[in-house]
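Here is how the chains run, residue by residue.
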There are 2 protein chains.
Amino acid sequence: MISRVLSAELAEHAGQRVTIAGWVHRRRLLKSVSFLVVRDRSGLAQAVTAGDLPAEESVVQVTGRVTVNPQAPGGAELTEPEIELLSRPVEPPPFDLFRPVVAATLPTVLDHAPAALRHPALRAPLEISAASVAGFRAALDRLGFTEVHTPKIVASATESGANVFGIDYFGRPAYLAQSPQFYKQAMAGVFERVYEVGPVFRAEPHDTVRHLAQYTSLDAELGFVRDHRDVMAVLREAVAGMLESVRERAAPAVALLGAELPGVPEEIPAIHFTEAQRMTGEDEPDLSPAQERWLSEWALKEHGSEFLFVTGYPMAKRPFYTHPDPGRPGYSNGFDLLFRGLELVTGGQRLHRHQDYLDALAARGESAEPYEGYLRTFAYGMPPHGGFAIGLERWTARLTGAANIRQVTAFPRDLHRLTP
Amino acid sequence: MISRVLSAELAEHAGQRVTIAGWVHRRRLLKSVSFLVVRDRSGLAQAVTAGDLPAEESVVQVTGRVTVNPQAPGGAELTEPEIELLSRPVEPPPFDLFRPVVAATLPTVLDHAPAALRHPALRAPLEISAASVAGFRAALDRLGFTEVHTPKIVASATESGANVFGIDYFGRPAYLAQSPQFYKQAMAGVFERVYEVGPVFRAEPHDTVRHLAQYTSLDAELGFVRDHRDVMAVLREAVAGMLESVRERAAPAVALLGAELPGVPEEIPAIHFTEAQRMTGEDEPDLSPAQERWLSEWALKEHGSEFLFVTGYPMAKRPFYTHPDPGRPGYSNGFDLLFRGLELVTGGQRLHRHQDYLDALAARGESAEPYEGYLRTFAYGMPPHGGFAIGLERWTARLTGAANIRQVTAFPRDLHRLTP
């Protein structure tokens, strides 16, 4: 490896002659002295020189003496530097990466992602995202979950016939999986508790700030639950683990963005769908965005919680595999988790008896035949189980206050965008 | 959650009345007494009763007194049990799941995966696989890597024009990514060190024991390397971390399969491609399977290592983004890692200067135009970098001695198989 110290460690080497390496983040040419700010994965470091300086985004290795300077980033700078140019850019970045505020429109940022994401404020959400996923896994590992990897190419649509991408599979029609739903249920029959972090695909015909054609889904499924409340308890642990990991692993990114991390109550407040409707004075079979915002504000005021479970959505609005509420026909053991005014997670208890699946499909007027492979799982004996799916990009967007999900996705895919 | 103890913890509760829950793994009906063996995620537990017993793969909850019995699995069993049936199978499993040896052909296993994978010997490779991935991430986390998630739907083929699945992307042609190669390089320009664990897709027209249409790729890429040897050093850490995690997290699975885990030398032996050719008396531009086997045996005999790096493959056999060996024109800074007679990992140093990419494409008679988005990364200044990709299923197959990669893949996709 190129022998170097990271910029964040520079001050520890005061008085020594060391090498740093990274990108030229900024050049400042004053009358008698020049400042070269180098960016590496740990942050920024400054070198003071009198000579010419390579262009921004040049890759350099700088060797110099570490001199304490409270005004320099990290409290130290390199003096008497020797600069070695490792590679030079052939075009300038699409906007100045060194300015604290991103001076570019979202399309410009997305079109030039390989350069734009180097901007610390655009990189930060991806660090928070990575830390979140690590926390999700750690929390579920502690609870005895096993990680699985399931097919993304499937023979039939999983969630609904719409919004599915078709693929030519060796001359046969196939589809990109909209979720790992069926597979994670099957694997709950093997390992009891499973999770998967992976891409899911939705041919969303709508151009909104909340939808992507590919997103990263954090999926979990667990057996031997009493009902959906056991699933909610595990989800609470997963969310708390994600936030704990963000605090530990992405503190600089959180600070840079000024993101406020929510607390997670030991027990996240929950209200029934019918109660939510009563409080908001509506009677549609689903919650509107305005209702979700109102309910989130209510939970914050009433319970001091930025998270709120809404349980018992009407069966008619939930997928056929949803377990009904045994005590309230027409309502489900399904839930949504609202976070800061938006639905972040959908989950619930699933049906687990083979006959219940046949009945549920019949009740919806659907043939069981396209689901034959799926139903086979339940033919072999399945425990009461349930699960949930967290959309990673939605999570990160809410956490960082990004208005558009594309701001927290490295290379988004949508109706219009297939590159870079 | 259903209040219960796991079967592996049963002996700790000797004398107490406890509940276990799981699947009926086996029933043994003797003259005056019956044994019910229950399988849960931790292992097996036995209950002794005089009554009728539910069919195999029924899901049950069993409450009884924990009685020490050295002959029972785990050294204790439940006596005076009350058995509650949570759900019953509607058909028997495709073969007896309780017999130590799987008495079914591979097609039967794969066709009935949701039931078949419950067999401890078929579940075990997936536990080893999960532990391996956890170790891969932990090793790279320790080295300052950041996890990324990149698009699986791309505008053009990445690795080569062949073997790519076409997809209808909102009426436009698109493809499933054959690797995250271009994106991980771009993200090395952002985070310096990145990894991704995700699905990759190859429309493999060959029906072999080593190829899948979808597999899980463990990808890493890192900047500021001197050359490919720095990449090899990181790969060594990743492999050592994977094995350490398998030992820690999947010991019962390793024991069940009788898998022998290899040691990893501090420095994995490496020979140059030309030397490999000389020793095996061949002069083709690539290594044959027979040569790979011979070289692996040689490394074991000569260096006591089950791992062997072969470096410096001819440029003609490596992708256009491969960095040449500055001292030996025609040979590359690319490498393969052989493990037990097979190529397990491919990697190397990449080109990092924009002009070098243009020259490399021109030398191959390829137009730069389809690569415009990719080349943009290098227009902005990239450090010397390299990376590698480990095929998870191949790794697990080698580790467990599975002859066919499908034996260690939950729901394989290939030329003929699209379900379950």
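Data block above holds the structure.
Only a predicted model underlies this, so the values are computations on that prediction, with no experimental measurement involved.

(A) Representation of the pairing of strand β16 (residues 385-391) of chain A. Residue and element names in this part refer to chain A. Counting buried positions along β16 yields six of seven residues, so the element is predominantly enclosed. Where strand β11 (residues 214-223) lies against β16, seven bridges are found, and the strand directions are antiparallel. Its bridge partner lying in β16, S217 is registered against G391. Of the pairings in the sheet, the one linking strand β15 (residues 342-350) to β16 comprises six bridges and is antiparallel in character. Residue pairing across strands places V345 opposite I390, the latter belonging to β16.

(B) Fine view of unusual backbone geometry. At the junction of T419 of chain A and P420 of chain A, the peptide bond is cis and its omega measures out at -10° in the coordinates. Checked against the element boundaries, P420 of chain A lands in the segment after α11 (392-400). Unusually for a residue other than glycine, E57 of chain B sits at a positive phi of about 75°. Tracing the backbone shows E57 of chain B in the loop between β3 (43-49) and β4 (59-68). With relative accessibility at 1%, the residue E57 of chain B sits in the buried group. The residue F170 of chain B is not glycine, and still its phi comes out positive at about 50°.

(C) How the structure looks around the interface of chain B and chain A. Of the residues lining the interface, 100 residues belong to chain B; the matching set on chain A comes to 100 residues. Both faces combined, the contact of chain B with chain A buries some 8300 Å², and carbon together with sulfur accounts for 62% of it. It is M1, F224 and Y380 of chain B in chain B that bury the most area against chain A; as a group they hold 11% of the surface buried on that side. Here chain B and chain A share 10 salt bridges between them.

(D) Focus on the relation of the copies chain B and chain A. The operation relating chain B to chain A is a screw motion whose rotation component is 180°, with 0.0 Å of axial translation and a residual RMSD of 0.0 Å. Both copies of the chain, as the preceding transformation shows, are related through a two-fold rotation axis. Identified as the residue of chain B closest to the rotation axis by C-alpha distance is I167 of chain B, at 2.2 Å. The fraction of interface residues of chain B whose copies in chain A are also interface residues reaches 100%, indicating that both copies meet through the same surface.

(E) Focus on the side chain of R123 of chain A. Note on placement: R123 of chain A falls in helix α3 (residues 120-142). According to the relative accessible area criterion, R123 of chain A is buried, its value standing at 9%. Contacts of R123 of chain A, omitting those with residues within four sequence positions, involve D40, R41 and L117 of chain A together with V190 and F191 of chain B.

(F) The arrangement of the pattern of salt bridges in detail. Throughout the structure, instances matching the rule amount to 54 salt bridges over all chains. D230 of chain A is paired through a salt bridge with R226 of chain A; the nearest N and O atoms lie 2.8 Å apart. Its relative accessible area of 3% is what places D230 of chain A among the buried residues. The partner of D356 of chain B in a salt bridge is R353 of chain B, with the nearest N and O atoms 3.8 Å apart. Overlapping salt bridges bring together K184, D219, E221 and R350 of chain A as one network.

(G) Quick look at the packing of helix α9 (residues 354-363) of chain B against helix α10 (residues 372-379) of chain B. Two numbers describe how α9 of chain B lies on α10 of chain B: the axes approach to 8 Å, and their chain directions differ by 145°. Contacts between α9 of chain B and α10 of chain B pair H354, Y357, L358 and L361 of chain B from the former with Y374, L375, F378 and A379 of chain B from the latter.

(H) Seen up close, a negative patch on the surface. Residue and element names in this part refer to chain B. On the surface, E282, D283, E284 and D286 cluster together into a patch of negative charge. Tracing the backbone through its elements, the reader meets E284 in the loop between α7 (273-280) and α8 (289-303). Residue class for E284 comes out partly exposed when judged on its relative accessible area of 48%.

(I) Here's a closer look at the sheet that holds strand β3 (residues 43-49) of chain A. Residue and element names in this part refer to chain A. The five strands lie next to each other as β1-β2-β3-β5-β4, forming a closed barrel whose pairing is mixed. Strand-to-strand twist in this sheet, taken as the mean axis angle between neighbours without regard to direction, amounts to 50°. Pairing of strand β2 (residues 34-40) with β3 involves seven bridges; the strand directions are antiparallel. Each residue of the ladder has a partner; that of V38, found in β3, is A45.

What counts and what doesn't
- Residues numbered from 1 in each chain as written.
- Chains lettered and ligands numbered in written order.
- Predicted model: local features only at pLDDT ≥ 70, side-chain atom pairs only at ≥ 80, totals over all residues.
- Heavy atoms only, no water.
- Buried < 20%, exposed > 50% of the residue type's maximum accessible area, 1.4 Å probe, protein only.
- Helix = DSSP H or I, 4+ residues; strand = E, 2+ residues; numbered from the N terminus.
- Pairing = 2+ DSSP bridges.
- Contact = heavy atoms within 4.5 Å.
- Buried area = accessible area lost by both parts, 1.4 Å probe.
- Salt bridge = Lys/Arg side-chain N within 4 Å of Asp/Glu carboxyl O.
- Least-squares fit on C-alpha atoms with pLDDT ≥ 70 in both.
- Axes fitted to C-alpha atoms, helices over the stretch in contact; angles between N-to-C directions.
- Patch = residues over 30% accessible without salt bridge, like charges linked within 9 Å, V, L, I, M, F, W, Y side chains within 5 Å.
- Areas by Shrake-Rupley, 256 points an atom, 1.4 Å probe, with all protein chains shown as cover.
- Lys, Arg positive; Asp, Glu negative; His and termini not counted.
- Charge placed at Lys NZ, Arg CZ, Asp CG, Glu CD.

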